[in-house]
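Letter by letter, the chains look like this.
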Amino acid sequence: MAERARRCCLGWDFSTQQGARLLLVMFVPLDQYRSRDKSMIILNAFQVKVVAIDEELTVFYEDSVHFDRDLPEFGTQGGVHVHEDGLTVTSPVLMWVQALDVLLEKMKVSGFDFSQVLALSGAGQQHGSVYWKVGASQVLTSLSPDFPIYQQLQACFSISDCPVWMDSSTTAQCRHLEAAVGGAQALSCLTGSRAYERFTGNQIAKIYQQKPEAYAHTERISLVSSFAASLFLGSYSPIDYSDGSGMNLLQIQDKVWSQACLGACAPHLEGKLGPPVPSCSCVVGPLPHCGPAQSWQLLGSSGAISAYYVQRYGFPSGCKVVAFTGDNPASLAGMRLEEGDIAISLGTSDTLFLWLQEPVPALEGHIFCNPVDPQHYMGLLCFKNGSLMREQIRDESAACSWTEFSRALRSTELGNGGNLGFYFDVMEITPEIIGRHRFTADHCKVSAFPEDVEIRALVEGQFMAKRIHAEGLGYRIMPKTKILATGGASHNRDILQVLADVFGAPVYVTDTANSACVGSAYRAFHGLAAGTDVPFSEVVKLAPNPRLAATPTPGASQVRDHQNSVRAFAL
């Protein structure tokens, strides 16, 4: 039985191991608690999960729906359909709708008190898109509380299986888009990234070219995040700046759609997308005397949930809906990064999150509008050879022992005597390269290192490359910079010590799991606090502080003396 009177956030996660997720955040005052609280639901590619968090940021409720197990009628594996070409990857949009229905009913049966919800927000898998059929807005605005949403939206989508971030079938569309704006670097300067197959604009272009009739019968195109917000609003929710940055369509400096990019992708696209909005906006459902195209443009503190949820589940009529964003931006919020900070997820793949003030778009990595500070930006860098590469070298050079791996790091000198190594057993993303490459202090390439040298070469090389690519996006270490490490390798203090030495900044760790989920809850509180009028840091000041794990070793600058050599190779 769930505890009574807690605000909740609902979050959907439609991604796989990369953790992209769609989250909804709702807040509720607790009668028996001294403060308000909030709960959140996460749906990932494998499940939809709900987590409730009070104002002191304590989880008090959890539940989930597993796509493959609980909704087998959709025939997904990992929440997706991989098509015969091996490149096209989609998810059934009605599966996402039904998962929300099922989870809400489970919460209701558990005794969850929806009447205490103050606001909701969320995050969705970046890049994925949903295509609403002509006439769908009328269905959304007139949902009957007597039936699940799934039953009422059966005929509302012009594309039943929607492209998701795993799709890589749009190479031709990518090249066309880059050519239309003057090349890959020009597109990156405009939209924050060169053309990527998974990015939404290229997916839309493919649908227009291959399914022109379906495109013609589409009245609204949503991202996964704005699609979920639309379900709660009972009308089309706008795309927020931060998630909109992952489409190859938004001019990140001006925060408007690029006319050149729109024209290169499909006709009449701007009208199907609608104007983007600040990420901290309270979005609004249908209003009297306003059509769907006008009502959601009215932003401020009046955004409220659809009457459907009030009547069916007992949400308060004043429950706010804060603009949903992408899972990666929500993770930045969940980790409470501030100007100059870095977050690094040391998982199967390594991911670097950067808070940027003056971004420098490049051919590698991504620049997004910042989800909690409209004047700043965030950078995202993905490295495929992460923990799997570290585990491989552990097995080869440390007898499969993390204890021996750590001993090797402690026993070798900072800078590794000038020996450098770059290890890519699978094709790397940043940069595109494969193989193992070892260099001695005099820049001679060698085929092997002694075991202890090999281990330090791997770890130092990984972190040096990350710093160099971060600086390539405009990142600069500041006196107040801190690094927040998450993921499996963040439990190894010797690895974190190398991280601190390479970046010259203290490293912290946190127990926070599901950072996108938690970030959605934080963002909902931020929206309630009038968004940009109140700093995000003020809203989350009561959140648990991360723990200091490592500080730079005195004299660690010698580790960075080799950066010019690293730069020549890594870039």
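The shown structure was predicted, so the numbers you read here are calculated from the model rather than taken from an experiment.

Draft legend 1. Main features of the overall build of the chain. Scanning the chain from N- to C-terminus turns up 22 helices and 27 strands. Burial analysis of the chain (571 residues in total) assigns 61% to the buried set. A separation of at least 24 residues holds for 70% of the contacts in the chain among residues at least 6 apart in sequence. Carbon and sulfur atoms form 52% of the exposed surface of the chain, whose accessible area is close to 20,500 Å².

Draft legend 2. Broad picture of the packing of aromatic side chains. Within the structure shown, the criterion is met by 19 aromatic pairs. Residues Y308 and Y309 carry aromatic rings whose centres are separated by 5.1 Å and whose planes lie at 80° to one another, so their mutual orientation is edge-to-face. Taken individually, Y308 and Y309 each receive the classification buried, so the pair is uniform in this respect. Arranged with centres 6.5 Å apart and planes meeting at 70°, the rings of Y308 and Y313 form a pair that is edge-to-face. Of the two residues examined, Y308 and Y313, each falls in the buried class. Aromatic ring contacts, followed pair by pair, group F112, F114, F232, Y308, Y309, Y313 and F315 into a single cluster. The aromatic ring of Y215 is capped on one face by K272, whose charged end is 4.8 Å from the ring centroid. Taking NZ or CZ as reference, K466 lies 4.5 Å from the ring centre of F383, over its face.

Draft legend 3. Seen up close, the nonpolar core. By size, the foremost hydrophobic cluster in this structure holds 78 residues, and its most contacted members are L249 and L273. The residues contacting L273, other than those within four sequence positions of it, are I204, R220, I221, I239, M247, L249, W257 and L262. One finds W96, F112, L143 and I305 within the second-largest nonpolar core, a separate group that totals 54 residues.

Draft legend 4. How the structure looks around helix α18 (residues 451-472). If you check α18, its first and last C-alpha atoms are 32 Å apart, about what 22 residues at 1.5 Å a residue would give, namely 32 Å. Taken across its 22 residues, α18 has 19 buried, putting it largely inside the fold.

Draft legend 5. Region of interest: the confidence of the model for the chain. In this model, the chain carries a mean pLDDT of 86, and residues with pLDDT of at least 70 account for 85%. Confidence over residues 288-301 falls short of pLDDT 50; this stretch has 26 contacts with residues more than four positions distant or in other chains.

Draft legend 6. Structural view of the packing of α18 against helix α19 (residues 493-503). Two numbers describe how α18 lies on α19: the axes approach to 9 Å, and their chain directions differ by 45°. The angle between α18 and α19 places the two elements in the oblique class. Once α18 is placed against α19, the crossing between them reads as right-handed. The segment α18 lies against α19, with R456, V459, E460, F463, M464, K466 and R467 engaging I495, V498, L499, V502 and F503.

Draft legend 7. Spotlight on unusual backbone geometry. A cis amide bond links T430 with the next residue in sequence, P431, at an omega value of -10°. One non-glycine residue, C400, lies in the positive phi region at around 65°. Tracing the chain through its elements places C400 in the loop between α16 (387-397) and α17 (402-411). Since its relative accessible area comes to 51%, C400 is described here as exposed. With a phi angle near 60°, N416 is a residue other than glycine that sits in the positive phi range. Structurally, N416 can be placed in the loop between α17 and β22 (420-424).

Here is what the cut-offs are and how they apply
Residues numbered from 1 in each chain as written. Predicted model: local features only at pLDDT ≥ 70, side-chain atom pairs only at ≥ 80, totals over all residues. Heavy atoms only, no water. Helix = DSSP H or I, 4+ residues; strand = E, 2+ residues; numbered from the N terminus. Buried < 20%, exposed > 50% of the residue type's maximum accessible area, 1.4 Å probe, protein only. Contact = heavy atoms within 4.5 Å. Areas by Shrake-Rupley, 256 points an atom, 1.4 Å probe, with all protein chains shown as cover. Phe/Tyr/Trp six-rings, centres within 6.5 Å; stacked < 30°, edge-to-face > 60°. Lys NZ or Arg CZ within 6 Å of the ring centre and 35° of its normal. Core = buried A, V, L, I, M, F, W, Y, C linked by side-chain atoms within 4.5 Å. Expected span 1.5 Å × (residues − 1). pLDDT = per-residue confidence, 0-100. Axes fitted to C-alpha atoms, helices over the stretch in contact; angles between N-to-C directions. Parallel < 35°, antiparallel > 145°, perpendicular 65-115°, else oblique. Left-handed = near helix turned anticlockwise from the far one by under 90°.

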